[in-house]
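Structure at a glance
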Amino acid sequence: MPQALTIKKVDGKPGQVYYPLQLNQVPKPTPGPKELLVKIHTAALNHRDVFIRQHLYPGISFTSPLLADGFGTVVEAGSEASSFIGKKVILTPTRGWASSPDGPENPSKFSVIGGSALYDVGTAQDYVLVDADEVEIAPPHLTSHEAAALPVVGVTAWRAIVTKGLNGNASSAAGKNILVTGIGGGVALATLQFGVALGSNVYVSSGDASKLEKAKALGAKGGVSYKDAAWEKQLLSQLPSSRPYLDVVVDGAGGDIVSKSVKLLRPGGVIAIYGMTVGPKMDWTMSAVMKNIDLRGSTMGSRAEFRDMIEFVRKQQIRPVVSRVVKGLDNIEAINDLFEDMRKGKQFGKLVIEISPSEEAGAKL
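Quantities reported herein were computed from a predicted structural model and do not represent experimental measurements.

Reading guide: rules and limits
All residue numbers refer to position in the chain's written sequence, counted from 1. This being a predicted model, a pLDDT of at least 70 is required before a residue's local features are given, and a value of 80 or more before pairs of side-chain atoms are given or counted; all residues contribute to the totals for chains, interfaces and linings. Hydrogen atoms and water are omitted, and side-chain values are computed over all heavy atoms in the structure. Here a strand is any run of E in DSSP of at least two residues, a helix any run of H or I of at least four, and the numbering for each starts at the N terminus. We compute the radius of gyration over the C-alpha atoms and compare it with the globule rule, which gives 2.2 Å times the number of residues raised to the power 0.38. Summary of the burial criterion: residues with accessible area below 20% of their type's maximum are buried, those above 50% are exposed, and those between are partly exposed, where the area comes from a 1.4 Å probe applied to protein chains only. Residue contacts are defined here by distance: any two heavy atoms, one from each residue, within 4.5 Å place the two residues in contact. Residue exposure ignores everything except the shown protein chains as possible cover, and the areas themselves are Shrake-Rupley values with a 1.4 Å probe. For the purpose of counting charges, residues Lys and Arg are taken to be positive, whereas Asp and Glu are taken to be negative. His and the chain ends are not included. Charged groups are reduced to one reference atom each: NZ for lysine, CZ for arginine, CG for aspartic acid, CD for glutamic acid. To get an axis, fit a line to the C-alpha atoms, keeping to the stretch in contact for a helix; angles then go from 0 to 180 degrees between the N-to-C directions. Here is the rule for angles: anything less than 35 degrees is roughly parallel, anything more than 145 is roughly antiparallel, 65 through 115 is roughly perpendicular, and the remaining ranges are oblique. In this count, Pro and Cys sit with the nonpolar residues alongside Ala, Val, Leu, Ile, Met, Phe, Trp and Tyr, while Asp, Glu, Lys and Arg are called charged and the others, Gly among them, polar. What qualifies as a polar contact is a pair of N or O atoms within 3.5 Å, subject to a donor-acceptor requirement within protein and to the restriction that residues adjacent in sequence count only when both atoms come from side chains. Just to be clear on terms, a salt bridge is a Lys or Arg side-chain nitrogen sitting within 4 Å of an Asp or Glu carboxyl oxygen.

Of the regular secondary structure elements, the protein chain holds ten helices and 17 strands. The C-alpha atoms of the protein chain give a radius of gyration of 20 Å, which matches the 21 Å a tight globule of 365 residues would have. On the principal axes, the C-alpha backbone points of the protein chain span a range of 60 × 45 × 40 Å. Buried residues in the protein chain amount to 54% of all 365 residues. Of all intrachain contacts in the protein chain linking residues separated by at least 6 positions in sequence, the fraction that spans at least 24 positions is 72%. As displayed, the protein chain offers around 15,200 Å² of accessible surface, 51% of which is attributable to carbon and sulfur atoms. Taken together, the 40 basic and 35 acidic charged side chains of the protein chain have centroids lying 5 Å from each other.

A separate point is the environment of Gly199. When you line up the elements, Gly199 lands in the loop between helix H4 (186–197) and strand S11 (201–206). Separated by 31 residues in the primary sequence, Gly199 and Ala230 have C-alpha atoms spaced 28 Å apart. The residues touching Gly199, leaving out its near neighbours within four places in the chain, are Ala173, Ala174 and Gly175.

What follows concerns the packing of helix H3 (residues 151–165) against helix H9 (residues 303–316). Pairs of packed helices are described in terms of their axes, by the angle between the two and the distance that separates them. The contact between H3 and H9 brings their axes to 9 Å, and the two run at 100°. Regarding the angle of H3 to H9, the classification is roughly perpendicular. Residue-level inspection shows Pro151, Gly154, Val155, Trp158, Arg159 and Thr163 of H3 in contact with H9, the latter providing Glu305, Phe306, Asp308, Met309 and Phe312. Residue classes in the contact of H3 with H9 are distributed as six nonpolar, two polar and three charged.

Next up on the list: the side chain of Thr73. Tracing the sequence through the fold places Thr73 in strand S4 (residues 69–77). We classify Thr73 as buried; its relative accessible area is 12%. Engagement of the side chain of Thr73 in a polar contact is seen with the side chain of Lys88, the distance being 3.5 Å.

Moving on to the environment of Val289. Looking at the element boundaries, Val289 is found in helix H8 (residues 286–290). You can call Val289 partly exposed: its relative accessible area is 40%. Sequence separation of Val289 and Leu66 is 223 residues, and the distance between their C-alpha atoms is 41 Å.

Moving on, we get to the pattern of salt bridges. Here the structure, examined in full by the defined rule, presents 18 salt bridges. A salt bridge links Glu134 to Arg95, with the nearest nitrogen and oxygen atoms 3.6 Å apart. Of this pair, Glu134 sits in the loop between strand S8 (127–131) and strand S9 (135–137) while Arg95 sits in strand S6 (residues 94–95), placing them 39 residues apart in sequence. Take Glu134: its relative accessible area is 15%, and that puts it in the buried class. Classification of Arg95 as buried rests on a relative accessible area of 9%. Here Arg324 and Asp341 are joined by a salt bridge, their closest N and O atoms 3.0 Å apart.

What follows is the structure, encoded as structure tokens:
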């Protein structure tokens, strides 16, 4: 019988509780006329999944399968979607946001899938039933692990750097200087890869020197340790003399990023923030006001942005960075180890669960 991974409810206050994982037997769904039954090969973790287990994420469910990242093969399809049978697909990680560049058309209907009370879809299961318009054909150059590593970080990075950082104009990226903070996390790495492919000069920050070196191997022009009190001065010395300033900062931490980066940004420069891991509040300084800096929040992305991102990855032959893979949805101990990697920030890239082998698992699809 098919299995699905959920969290188990136990007593505890938000931020103090840590819900255990629970493996459940579930019936195999049957697709309706416009639906697809996808056999999941690989799924991947995000920080959101850690927050769900800590009850620090809104609208969580104890019955919906976990995880939003997933890749698989369409094994059954409804009468109006039969052309998808046998196709290898990447699932869309959100619902309720079609195409508006401003945000979800109806915020009350928007949610990331996986452990969500609003939508009962999640990728930590053997089979997933989805509408045919909630998948994209996987780029053929990706391995099964890389394909699962793409959805959430890919669309989040795409919106942060292109829609927000570059005002929706990807063609304007060439030659611009972009700082990506917290390199090693999935979104930061995807932003680095997209920026390099767009022709930007991408600089990175990290608290781990080895991660800076790995980022340079992926195309970063330079990097600094955010643990150094004067990291902004170090970064300034690395910028090209012909363009000695930053155009865009893409950040997922918050903290003092405004007061630090305002010294480096050009007038009218952009800070695109997709997360605030340091804390839920941050300072906005008068120097940023006087410099006309734009601070832009960015959360996930629309269905249209997801489609554009997948096509960009396909054309540019970009390969998401995978940090570690464990095998088996029933391998709870190993999956818990992946969660610990994320909690401690040990990963460089995505943390992936191989649920079932694809025809060429670990090789090109």
